[in-house]
Amino acid sequence: KMRKRKERIINFAFFDIDGVLADCHHRLHYLDDKDYGTFYSYDEVMEDEPIPEGILLLDTFRQQGYKIIFVTSRADKAREATLDWLQKWGLYDLVEDGLSLFMRHSGDHRRSYEVKVDIMEEVLGMFGGYRGLKFFIDDYHKNCIAIRENFPEIQPLVFGINRLVVEGNEEQ
């Protein structure tokens with residue numbers, strides 16, 4: 001009799017970067033003037049300190065064998081700075097495959113939850129054939145709500161509470 005093809009099971013954790021892994025408070029003031037160029041500039045991004053609780057959460061998922069994928073609203077013009085920041089803090093091995101860092105396209109000025117829903121469509125198109133648990137970790141509750149509404153199979157986790165207390169710029 002035919003053997004049933006073994007189903008591939010991969011658990012995924014989709015991580016935001018700013019406000020979850022990277023503390024970008026020192027550059028938030030650029031958003032008041034909608035100065036996205038400086039906000040995402042190489043030198044400014046490289047000044048971000050890691051958020052210890054976010055790194056711990058990522059390490060916990062990693063130790064459990066999860067595939068880590070970064071889903072950020074950062075514009076892709078900040079890709080080099082983002083990759084170098086991940087390298088600086090020992091996370092570069094997670095993106096070496098070239099399939100693990102998804103960013104906003106430069107010139108896309110929609111709200112972050114619209115961007116992230118589109119990114120997740122793309123990601124699930126690539127990896128959607130795998131069964132397994134899926135978590136989405138973001139510091140913005142509206143991103144988590146949008147993911148839950150569009151992808152009921154994904155469990156969103158709101159990280160930190162800053163954005164609930166002070167409504168930030170929608171385009172972060």
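On a predicted model such as this, the values are computed, not experimentally measured, just so you know. (Residues numbered from 1 in each chain as written. Predicted model: local features only at pLDDT ≥ 70, side-chain atom pairs only at ≥ 80, totals over all residues. Heavy atoms only, no water.)

Trainee: Tell me what's going on with the pairing of strand β6 (residues 134–138), and back it up with residues and numbers.
Mentor: Consecutive side chains along a regular strand alternate between the two faces of the sheet. Counted residue by residue, β6 has five buried out of five residues, so it is predominantly covered. Of the two faces of β6, the one carrying Lys134, Phe136 and Asp138 and the one carrying Phe135 and Ile137 are both buried. Pairing of strand β1 (residues 12–15) with β6, which is carried by four bridges, proceeds in the parallel orientation. Opposite phenylalanine 14, over in β6, you have phenylalanine 136 as the bridge partner. In terms of handedness, the path from β6 via helix α7 (residues 141–150) over to strand β7 (residues 155–158) forms a crossover that is right-handed. (Buried < 20%, exposed > 50% of the residue type's maximum accessible area, 1.4 Å probe, protein only. Helix = DSSP H or I, 4+ residues; strand = E, 2+ residues; numbered from the N terminus. Pairing = 2+ DSSP bridges. Right-handed = clockwise from strand over helix to strand, strands pointing away.)

Trainee: I'd like a rundown of the environment of glutamine 155, residues and numbers included.
Mentor: With respect to the helices, strands and loops of the structure, glutamine 155 is situated in strand β7. Residue glutamine 155 is classed as partly exposed on the basis of its relative accessible area, which comes to 34%. Sequence-wise, glutamine 155 and phenylalanine 135 are 20 residues apart; in three dimensions their C-alpha atoms are separated by 4.7 Å. Excluding residues within four positions of it along the chain, glutamine 155 makes contact with Lys134, Phe135, Phe136 and Arg148. (Contact = heavy atoms within 4.5 Å.)

Trainee: Outline the sheet that holds strand β4 (residues 67–75), supporting the account with residue identities and numerical values.
Mentor: The strand order across the open sheet formed by five strands is β5-β4-β1-β6-β7, and the pairing between neighbours is parallel. If you trace the sheet from one side to the other, it starts and ends with β5 (101–104) and β7, each paired once. Each adjacent strand pair in this sheet contributes to an overall mean axis angle of 20 degrees, direction not counted. Relative to β5, β4 is paired through three bridges, and the arrangement is parallel. Paired with alanine 75 across the strands is arginine 104, a residue of β5. Sheet contacts for helix α4 (residues 52–63): β1, β4, β6 and β7; angle to β1, the most-contacted strand, approximately 160 degrees. Seen against the sheet, helix α5 (residues 79–88) touches β4 and β5 and runs at an angle of roughly 145 degrees to β5. (Axes fitted to C-alpha atoms, helices over the stretch in contact; angles between N-to-C directions.)

Trainee: Give me the lowdown on the nonpolar core, citing residues and values where you can.
Mentor: In terms of nonpolar packing, the biggest core is built from 33 residues, with Phe15, Ile68 and Phe70 touching the most fellow members. Apart from residues no more than four positions distant in its own chain, phenylalanine 70 is found in contact with Phe15, Ile17, Leu21, Leu58, Leu86, Leu94, Val95, Ser100, Leu101 and Phe102. Core analysis: the next-biggest nonpolar cluster, separate from the first, contains 19 residues, Ile10, Phe12, Val123 and Cys144 among them. (Core = buried A, V, L, I, M, F, W, Y, C linked by side-chain atoms within 4.5 Å.)

Trainee: If you had to explain the pattern of salt bridges to someone new, which residues and values would you point to?
Mentor: Enumeration over the complete set of coordinates arrives at eleven salt bridges. Among the salt bridges present, the one from aspartate 59 reaches arginine 62, with a minimum N-O distance of 3.6 Å. In this pair, aspartate 59 and arginine 62 are both assigned in helix α4, three residues apart and thus about one turn of the helix distant. The class of arginine 62 is partly exposed, set by a relative accessible area of 28%. Salt bridges here are not isolated pairs; linked through shared partners, they connect Asp18, Arg27, Asp48 and Arg74. (Salt bridge = Lys/Arg side-chain N within 4 Å of Asp/Glu carboxyl O.)

Trainee: Just give me the short version of the packing of helix α6 (residues 112–127) against α7, but keep the residues and values in it.
Mentor: Viewed as axis vectors pointing N to C, α6 and α7 meet at an angle of 40 degrees, and their least axial separation amounts to 9 Å. Our classification of the angle between α6 and α7 gives oblique. Between α6 and α7 lies a crossing whose hand is right-handed. Each of Ser112, Tyr113, Lys116, Val117 and Met120 in α6 lies in contact with α7, whose residues at this interface are Lys142, Asn143, Ala146, Ile147 and Asn150. The residue makeup of the contact of α6 with α7, split by class, is five nonpolar, three polar and two charged. (Parallel < 35°, antiparallel > 145°, perpendicular 65-115°, else oblique. Left-handed = near helix turned anticlockwise from the far one by under 90°. Nonpolar A, V, L, I, M, F, W, Y, C, P; charged D, E, K, R; others polar.)

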